[in-house]
Amino acid sequence: MATVRNLKIKTSTCKRFVKELHSYEKEVESEVAKIADMKEKGANPYDLKQLENVLAESRVMIARKRLEDSLADLKGTLAELEEANEKDGPEFEDGRCTITEVEKLFQTTEA
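Note that the structure is predicted; figures quoted are calculated from it, not measured.

A. View of the packing of aromatic side chains. Enumeration over the complete set of coordinates arrives at zero aromatic pairs. Sitting over the face of the ring of Phe 17, Arg 16 holds its NZ or CZ atom 4.9 Å from the ring centroid.

B. A look at the side chain of Thr 11. Here Thr 11 is to be found in helix α1 (residues 4-40). One polar contact links the side chain of Thr 11 to the main-chain carbonyl oxygen of Leu 7, over a distance of 2.8 Å. In this structure Thr 11 touches Leu 74, Asp 94, Gly 95 and Thr 98, once residues within four positions along its chain are discounted.

C. Region of the structure containing α1. The terminal C-alpha atoms of α1, which comprises 37 residues, lie 55 Å apart, in line with the 54 Å expected from a rise of 1.5 Å per residue. Along α1, the residues that are buried comprise Leu 7, Thr 11, Thr 13, Cys 14, Phe 17, Val 18, Leu 21, Val 28, Glu 31, Ile 35 and Met 38.

Rules used in this analysis
What you see as residue numbers is a count from 1 along each chain, following the sequence as written. Note on the predicted model: pLDDT of at least 70 is required for a residue's local features to be given, and 80 or more for side-chain atom pairs to be given and counted; whole-chain, interface and lining totals, by contrast, use all residues. Remark: hydrogens and water are excluded; side-chain values derive from all non-hydrogen atoms of the structure. When the centres of two rings from Phe, Tyr and Trp lie within 6.5 Å, Trp using its six-membered ring, the rings pair. Their planes under 30 degrees apart give stacked, over 60 give edge-to-face, and anything left gives tilted. As a reminder, the over-ring test applies to NZ of lysine and CZ of arginine, requiring each to be within 6 Å of the ring centre and within 35 degrees of the ring normal. Only runs of H or I of at least four residues qualify as helices and only runs of E of at least two qualify as strands under DSSP, and these elements are numbered from the N terminus. We call two N or O atoms a polar contact when they sit within 3.5 Å, provided that within protein one can donate a hydrogen and the other can accept it, with sequence-adjacent residues counted only if both atoms are side-chain atoms. Contacts are assigned to residue pairs that have any heavy atoms within 4.5 Å of one another. Each residue after the first adds 1.5 Å to the expected span of a helix. Between buried and exposed lies partly exposed: a residue is buried under 20% and exposed over 50% of the maximum accessible area for its type, with that area taken using a 1.4 Å probe on protein chains only.

This is the structure:
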């Protein structure tokens with residue numbers, strides 16, 4: 001059975017995954033810029049290869065699937081609590097706002 005505590009945990013998990021997603025996206029942008037700059041300057045091929053490996057690792061870390069799964073868990077918990085007529089409180093509003101935020105994020109990245 002879902003509890004308000006579970007809702008808070010799942011909401012925090014979604015928020016953390018959103019932060020991680022943004023962080024890794026910034027890291028990928030940074031690494032792409034570094035590689036382009038090094039290629040222009042004619043850097044050592046070994047150094048370029050190492051940076052390309054770092055870039056590949058950063059791209060792997062963008063775990064959109066984890067965020068999708070945590071969003072589904074959050075929605076399920078919120079629905080379960082709403083069915084039990086527990087609909088009020090800051091935790092519920094925070095959960096609904098987080099769901100909206102993550103869904104907007106998915107829409108913007110798909111477009």
